Amino acid sequence: MDNLETAEQLAELLETASPQLLRIARFRIDPRLVRRISPEDIIQDVFIAAKKRLHHYDNNRHTPFLWLRLILMQTLCDTHREHLGVQARDIRKEAGAVGFDPGATSATIAYQISGGGHSPSVSAVRRERAQHIQKLLEQLSPIDQEIVALRHYEELSNKEVATILGIEIKAASIRYVRALRRLKEIVSSAGYFESEMDNG
Amino acid sequence: MAEDPDYLLAELADGYCERLRAGEHVNIEDYCTEHPQLADDIRDLFPTMAQLEITKMQDELEQIGEFVVKSEIGRGGMGIVYEAEQLSLGRRVALKIIRSEAINESSQRRFQREACLIGQLEHPHIVPIYAYGVEDEQQYFAMRYIRGPSLQDIIDEGTQTPEDSIVIIAQQLASALAYAHSQGIRHRDIKPGNIMLDAGPHAWLSDFGLAIDTHGSITGSLAGTIRYMAPECLAGDDDERSDIYALGISLIELYTFTPVFPQKNSDELLDAVQTGLSSLPPGIPENMQKILSKACHVHPHKRFTTAQAFEEALATVKMSSFVTVQNNLKKTLLFAALLLLFFAGLLFFGLDYYRPQPPQHLPPRPAIIQEEPQFPPPHPIHLPLPLETHTTESEEDWLPPKREHLGPPPNHLLDHPPKRARYDGERPRRGPPPGKGPRFHDRPEPQ
């Protein structure tokens with residue numbers, strides 16, 4: 001969908017985008033918040049906000065999906081502030097690519113890997129593994145971490161990442177490939193993935 | 001910009017990850033062939049991407065209901081199957097859920113219907129369902145866990161399956177189909193990946209995700225995997241015989257290890273499926289050729305009319321091959337019997353022949369009895385020193401340890417001469433030379 005003008009178009013967009021938005025919400029939400037607010041609730045808020053702000057939508061600035069993601073990030077930010085009393089993660093800054101919260105991405109990735117907010121208990125093995133991966137990811141620069149998160153945990157395309165970071169698509173490609181190369185080096189020197197490597 | 005390798009890689013990564021997320025088996029080498037100038041980078045980086053995706057997907061879920069998820073077994077377009085443990089019963093199950101991306105009203109309806117359909121089926125070759133539930137709007141159901149391999153694994157690995165086993169597997173699956181059809185249920189997605197094997201061989205038909213009961217309506221007219229789809233399915237005109245066809249194609253591949261329709265291009269594949277098999281590929285044993293070509297006939301009316309007829313036809317094959325097995329068994333038994341007879345004869349005559357020559361062989365027994373005094377030597381030889389000096393130790397060896405405990409309260413024994421007398425009498429019987437008998441009298445003296 002290229003444009004977003006009518007409520008019908010918005011409804012259609014919400015329908016197709018909701019699984020990915022939900023994934024992003026689950027990924028970005030602070031672990032401390034999960035018990036109080038479900039990611040589904042946040043997506044509901046996003047939908048309501050999107051309906052209210054539909055007339056602000058600017059086709060030249062965002063694709064419809066990225067516009068929804070932006071609203072999601074703002075909603076998450078507000079929710080975090082409201083419930084935790086602090087701006088847990090500077091999502092707005094993140095979205096504008098001005099700077100990254102160094103701890104944020106790797107912590108969320110590790111949290112996601114450890115089973116997200118779904119499980120009542122996180123097994124010791126998994127916790128250990130999450131910590132291990134977190135350590136590996138921490139060795140990446142914050143920018144690299146964020147790019148890996150956007151590409152693989154938020155499942156955004158190369159182009160979308162470029163838009164979010166406000167950089168040229170070519171620059172986004174270079175950053176992504178560079179981040180992957182570093183991750184690969186770290187991972188293979190740690191010998192972590194080797195045993196379960198799957199090319200298929 | 002298009003020539004920029006990083007840009008190309010990043011763009012390729014989009015498609016690659018998307019396919020991984022859709023549950024496709026993606027071969028990295030395909031990308032290498034397509035983009036030879038990037039082959040090294042692709043081989044270098046794509047596995048890392050795959051690993052990120054796999055790690056992420058595997059860890060999205062840990063426990064649902066009373067099922068603790070262990071690892072992912074497989075995923076399809078709509079569902080993911082995990083190996084899980086049912087906490088209450090402590091048993092291993094296969095847990096199926098809808099992929100979070102695929103959750104919508106229609107998928108949820110279909111998922112529930114799948115669970116209900118399997119719930120109605122009770123057959124030794126259909127994977128049974130154990131439980132169904134919903135948690136956090138996430139539906140799931142647990143099935144019997146079958147270790148596998150799937151027929152697809154066997155085909156991929158090129159594992160030779162004994163011809164008799166294939167016939168047995170075919171018969172089991174045909175009977176499962178016949179049963180499902182008799183319950184008014186069509187599977188509609190029979191393919192090697194949906195057939196599991198246990199030792200036995202024991203085949204299991206699984207994944208009724210696309211199944212319908214014949215009175216129901218079909219959502220999404222084109223269901224199933226094109227490679228195993230009967231030509232009439234492409235026109236949305238399938239029936240029970242389409243299941244027979246799909247089973248036939250799957251069985252052929254179990255013999256040949258290659259797809260019957262290997263076309264990668266979807267248009268070519270559709271054409272090939274529609275044209276149908278002109279002849280069976282080589283490698284099918286003679287006794288199965290007729291049956292399989294009938295099962296996979298391009299025209300449904302020339303196939304077996306029912307799965308039961310298919311099963312019955314397979315049963316005749318099984319019988320004939322069973323007869324050869326029996327014949328072989330008879331031959332083996334006969335041979336074994338002859339061999340046994342031969343050896344028995346050899347033993348008998350051999351003994352008879354050898355008896356007079358070395359008389360030691362047979363006579364020794366009487367010799368032992370007669371010349372018993374000659375045998376004991378081993379005993380004295382084992383004793384390291386003359387008995388006189390080491391009596392205590394040697395006696396400890398001879399008698400149970402109790403005897404020593406009996407020693408300490410010897411006053412007891414001494415006070416009662418009759419007991420002593422009994423000991424004296426017993427001694428020689430236990431073995432030590434008769435001369436050692438009175439030692440008991442000696443021992444208390446130091447006190």
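This text follows the structure it describes.
Quick caveat, the model's predicted, so the values are computed rather than measured.

Student: Explain the pairing of strand β6 (residues 138-144) of chain B to me, please; I cannot follow it from the model alone.
Tutor: Residues and elements named next belong to chain B. Across the seven residues that make up β6, a large majority, six, are buried. Note: strand β4 (residues 91-98) against β6, five bridges, orientation antiparallel. Residue pairing across strands places L95 opposite A142, the latter belonging to β6. As defined by bridge partners, strand β5 (residues 129-135) adjoins β6 across six bridges and the pair is classed as antiparallel. Bridge assignment links I129 to a residue of β6, and that residue is M143. Between β5 and β6, which pair antiparallel in sequence order, lie two residues; one of them, D136, sits at a positive phi of approximately 50°.

Student: Is there a simple way to think about the sheet that holds β4 of chain B in this case?
Tutor: Strand pairing in a sheet relies on backbone hydrogen bonds. The paired strands run either parallel or antiparallel. Residues and elements named next belong to chain B. Pairing in this open sheet of six strands is antiparallel, and the strands run β1-β2-β3-β4-β6-β5 from one edge to the other. Edge positions in the sheet fall to β1 (63-64) and β5, since each of these pairs with one other strand and no more. In terms of strand pairing, strand β3 (residues 79-86) meets β4 through eight bridges, oriented antiparallel. Residue pairing across strands places G79 opposite I98, the latter belonging to β4. Helix-sheet contacts for helix α4 (residues 105-120) involve β4, β5 and β6, and the interaxial angle to β6 is about 25°.

Student: What should I look at first to understand a nonpolar patch on the surface in this one?
Tutor: Residues and elements named next belong to chain B. Taken together, the side chains of F335, L339, F342, F343 and L346 present a nonpolar region at the surface, about 540 Å² in accessible area. The residue F343 is located in helix α11 (residues 307-354) in this model. Note on F343: relative accessible area 49%, which makes it partly exposed.

Student: In this structure, what is going on with the packing of aromatic side chains? I would like to understand it.
Tutor: Counted according to the given criterion, the structure contains eight aromatic pairs over all chains. With a centroid separation of 5.7 Å and an interplanar angle of 85°, the aromatic rings of Y16 of chain B and Y31 of chain B are classed as edge-to-face. Taken together, the residues span a long stretch of sequence, with Y16 of chain B in helix α1 (residues 5-21) and Y31 of chain B in helix α2 (residues 28-34) at a distance of 15 residues. With respect to burial, Y16 of chain B and Y31 of chain B carry one shared label: buried. Ring geometry for F342 of chain B versus F343 of chain B: centroids 5.5 Å apart, planes at 70°, classification edge-to-face. Put simply, the rings of Y16, Y31 and F46 of chain B touch in pairs and so form one group of aromatic residues. Positioned above the aromatic ring of Y176 of chain A, the side-chain terminus of R151 of chain A is 4.1 Å from the ring centre. The side chain of R91 of chain B reaches across the aromatic face of Y130 of chain B, ending 3.6 Å from its centre.

Student: What is the right way to look at the pairing of strand β9 (residues 202-205) of chain B in this model?
Tutor: Within a regular beta strand, the side chains point alternately toward one face of the sheet and then the other, so they alternate between its two faces. All names here are of chain B. Examined bridge by bridge, strand β8 (residues 195-198) and β9 share four bridges and lie antiparallel to one another. Residue pairing in the sheet places M196 in a bridge with W204 of β9. Between β8 and β9, which pair antiparallel and follow one another directly, the connecting turn spans three residues, one of which, G200, has a positive phi of 150°.

Student: Help me understand unusual backbone geometry, please; the structure alone is not making it clear to me.
Tutor: Phi is mostly negative for residues that are not glycine, and the peptide bonds are mostly trans. Geometrically, the link from G200 of chain B to P201 of chain B is a cis peptide bond, its omega value of 0° lying close to zero. Take P201 of chain B: it is sitting in the loop between β8 and β9.

Thresholds, definitions, all that
- Residues numbered from 1 in each chain as written.
- Chains lettered and ligands numbered in written order.
- Predicted model: local features only at pLDDT ≥ 70, side-chain atom pairs only at ≥ 80, totals over all residues.
- Heavy atoms only, no water.
- Buried < 20%, exposed > 50% of the residue type's maximum accessible area, 1.4 Å probe, protein only.
- Helix = DSSP H or I, 4+ residues; strand = E, 2+ residues; numbered from the N terminus.
- Pairing = 2+ DSSP bridges.
- Contact = heavy atoms within 4.5 Å.
- Axes fitted to C-alpha atoms, helices over the stretch in contact; angles between N-to-C directions.
- Patch = residues over 30% accessible without salt bridge, like charges linked within 9 Å, V, L, I, M, F, W, Y side chains within 5 Å.
- Areas by Shrake-Rupley, 256 points an atom, 1.4 Å probe, with all protein chains shown as cover.
- Salt bridge = Lys/Arg side-chain N within 4 Å of Asp/Glu carboxyl O.
- Phe/Tyr/Trp six-rings, centres within 6.5 Å; stacked < 30°, edge-to-face > 60°.
- Lys NZ or Arg CZ within 6 Å of the ring centre and 35° of its normal.

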